[in-house]
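Each chain, letter by letter, is given below.
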Amino acid sequence: MSYSTIVYQQKETIVTITINRPNKLNALNALTLKEIHTAIKHAEEDYSVRCILLTGSGEKAFVAGADIKEFSKFNQVEGTQLATKGQQLVFDCIENLNTPVICAINGYALGGGLELAMACHIRIASENARFGLPEVSLGLIPGYGGTQRLPQLIGKGRALELILSAGMITAEKALLYGLVNSVVSLENLIPTAIKLGKSITKNSSTAISAAIYSVNAGFDVNKNGYEIEKESFGNCFGTSDFKEGTQAFLQKRKPNFN
Ligand code: CAA
């Protein structure tokens, strides 16, 4: 598969998807969103892939938002379509993926860039990363899930402050807020993400996807998270990974999940 706005690389069980428009600070245009969608679906369908790492190219930005030039002439209908299609194709798609997605935030994560990071399951940032949802400074609001996922992660008051002020916060503050899981130097960013990815990939992939599904259910107003957890827990008992995991424990050896 060939891409023009992203780079797709697999090493052992981990795929790295790098958004690659550094001279536009990796801004998300329609083609980039389409290619990210194709890449994550491709990785999800490949049984050899156990974890996806998402990052941006260069040392300045993860993603500086949706491509402002591309949507600057849009009308109301096109604006609604932009948000609907983008959320479906990429943001909701990532959040609901069976394969865990770690976001390695290597600089600015603004607007659609922060929304992309928040759709991922785990976020690690470099010290130079900056976070914000500056859409109101453009006469817009966040349209890729930012008004929903930011309050989930940092609370309503802090989210409203960030959204209404269109301001930016440092990596240090993002860590304090719980917006990112850890902060490391830029040179250690990818190695740290890969190390975490490797620790995840040692575990049962069927149990991992059930855990993602159950955690997400708790944030879905149409679902009862506790009921989903019970059902998913029960389903685990019917998997070969459950047999292998419990047998390995009883036989005092490491499990070998396929
Ligand atoms: N869209 C399109 N192009 C962008 C961009 C974006 N979101 N962000 C940066 N670029 C482009 C710039 O236009 C510039 O291109 P040219 O060299 O061709 O002029 C290039 O990237 C470098 O950017 P700057 O010269 O602006 O770099 P800087 O260091 O002076 O500033 C910045 C960096 C503070 C991140 C600044 O680029 C900026 O404010 N970017 C826009 C951030 C933003 O508003 N994001 C929200 C977008 S709207 C959105 O995301 C909607 C949604 O929720 C769906």
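Source: prediction; values computed, not measured.

### Points about the overall build of the protein
So, step 1. Each helix and strand counted, the protein has 11 helices and 10 strands in total.
So, step 2. In summary, the protein has a C-alpha radius of gyration of 19 Å against a globular reference of 18 Å for 258 residues, a match within 12%.
So, step 3. With the C-alpha coordinates of the protein rotated into their principal frame, the extents come out at 60 × 40 × 35 Å.
So, step 4. The contacts in the protein between residues at least 6 apart in sequence include a share of 70% that link residues at least 24 apart.
So, step 5. Accessible surface for the protein amounts to roughly 13800 Å². Of this, 55% is attributable to carbon and sulfur atoms.

### Section: the nonpolar core
So, step 1. Counting residues in hydrophobic clusters, the biggest one holds 49 residues, and the most contacted among them are Phe62, Ile105, Leu116 and Phe131.
So, step 2. One finds Cys51, Leu53, Ala104 and Ile200 within the second-largest nonpolar core, a separate group that totals 13 residues.

### Here we look at the packing of helix H5 (residues 146-154) against helix H6 (residues 156-165)
So, step 1. The geometry of H5 relative to H6 is characterised by a closest axis approach of 7 Å and an angle of 135 degrees between their N-to-C directions. Between H5 and H6, the angle is such that the two are oblique. Crossing angle aside, the handedness with which H5 passes H6 is right-handed. Listed contacts from H6 to Gly146, Thr147, Leu150, Pro151 and Ile154 of H5 are Lys156, Arg158, Ala159, Leu162 and Ile163.
So, step 2. Grouping the constituent residues of the contact of H5 with H6 by class yields 6 nonpolar, 2 polar and 2 charged.

### Some details on the pairing of strand S1 (residues 6-11)
Within a regular beta strand, the side chains point alternately toward one face of the sheet and then the other, so they alternate between its two faces.
So, step 1. In terms of strand pairing, S1 meets strand S2 (residues 14-19) through 6 bridges, oriented antiparallel. Across the sheet, the residue bridging to Gln10 is Val15, located in S2.
So, step 2. With antiparallel pairing between neighbouring strands as the criterion, S1 and S2 make up a hairpin whose turn holds 2 residues, including Glu12 at a positive phi of roughly 55 degrees.

### Observations concerning the site of the ligand
So, step 1. Close to the ligand lie 22 residues, the nearest being Lys24, Lys60, Gly112, Glu115 and Glu135.
So, step 2. A distance of 2.7 Å is found between an oxygen atom of the ligand and a side-chain nitrogen or oxygen belonging to Glu115.
So, step 3. Compared with its free state, where it exposes 980 Å², the ligand has 65% of that area covered by protein.
So, step 4. Among the secondary structure elements, those contributing two or more residues to the shell around the ligand are helix H2 (68-71), strand S6 (108-110) and helix H4 (112-119).
So, step 5. Here the residues of the shell around the ligand are counted per class, giving 12 nonpolar, 5 polar and 5 charged.

### A closer look at the environment of Ala119
So, step 1. Along the polypeptide, Ala119 turns up in helix H4.
So, step 2. Using a relative accessible area of 1% as the deciding quantity, one classes Ala119 as buried.
So, step 3. Once residues within four sequence positions are removed from consideration, Ala119 is found in contact with Phe91, Ile94, Glu95 and Arg149.

### Here's the deal with the sheet that holds S1
So, step 1. The 6 strands are arranged S1-S2-S3-S5-S7-S10 in an open sheet whose pairing can be described as mixed. Only two strands of the sheet have a single partner each, and these edge strands are S1 and strand S10 (182-184). Within the sheet, the average angular offset between the axes of one strand and its neighbour, ignoring direction, is 20 degrees.
So, step 2. Strand direction decides the pairing type here: strand S3 (residues 51-56) and strand S5 (residues 101-105), joined by 4 bridges, are parallel. Bridge assignment links Leu53 to a residue of S5, and that residue is Ile102.
So, step 3. Where helix H8 (residues 186-201) meets the sheet, it contacts S2, S3, S5, strand S7 (122-126) and S10, and its direction lies at approximately 160 degrees from that of S7.

### Some remarks on the packing of helix H1 (residues 30-45) against helix H3 (residues 76-95)
So, step 1. One can describe the packing of H1 onto H3 by two numbers: an axis separation of 9 Å at closest approach and a directional angle of 40 degrees. When the axis of H1 is compared with that of H3, the two are oblique. Of the two elements, H1 crosses H3, and the hand of that crossing is left-handed. For the pair H1 and H3, contact is made by Leu33, Ile36, His37, Ile40 and Lys41 and by Gly86, Leu89, Val90, Phe91, Cys93 and Ile94, respectively.

### Some points on the domain arrangement of the protein
So, step 1. Domain boundaries in the protein define domain 1 (6-201) and domain 2 (205-250).
So, step 2. Using C-alpha coordinates to define each centre, domain 1 is positioned 26 Å away from domain 2.
So, step 3. Between domain 1 and domain 2, the residue contacts involve 10 residues of the former and 6 residues of the latter.
So, step 4. Around 600 Å² of area is buried between domain 1 and domain 2 when both sides are counted, 60% of it from carbon and sulfur atoms.
So, step 5. For the domain 1 face of the interface with domain 2, the top three residues by lost area are Arg50, Asn98 and Gln152, together amounting to 52%.

What counts as what
- Residues numbered from 1 in each chain as written.
- Predicted model: local features only at pLDDT ≥ 70, side-chain atom pairs only at ≥ 80, totals over all residues.
- Heavy atoms only, no water.
- Helix = DSSP H or I, 4+ residues; strand = E, 2+ residues; numbered from the N terminus.
- Rg over C-alpha atoms; globule rule 2.2 N^0.38 Å.
- Contact = heavy atoms within 4.5 Å.
- Areas by Shrake-Rupley, 256 points an atom, 1.4 Å probe, with all protein chains shown as cover.
- Core = buried A, V, L, I, M, F, W, Y, C linked by side-chain atoms within 4.5 Å.
- Buried < 20%, exposed > 50% of the residue type's maximum accessible area, 1.4 Å probe, protein only.
- Axes fitted to C-alpha atoms, helices over the stretch in contact; angles between N-to-C directions.
- Parallel < 35°, antiparallel > 145°, perpendicular 65-115°, else oblique.
- Left-handed = near helix turned anticlockwise from the far one by under 90°.
- Nonpolar A, V, L, I, M, F, W, Y, C, P; charged D, E, K, R; others polar.
- Pairing = 2+ DSSP bridges.
- Near = heavy atom within 4 Å.
- Polar contact = N/O pair within 3.5 Å; in protein donor to acceptor, adjacent residues only side chain to side chain.
- Domains from an automatic or database assignment.
- Buried area = accessible area lost by both parts, 1.4 Å probe.

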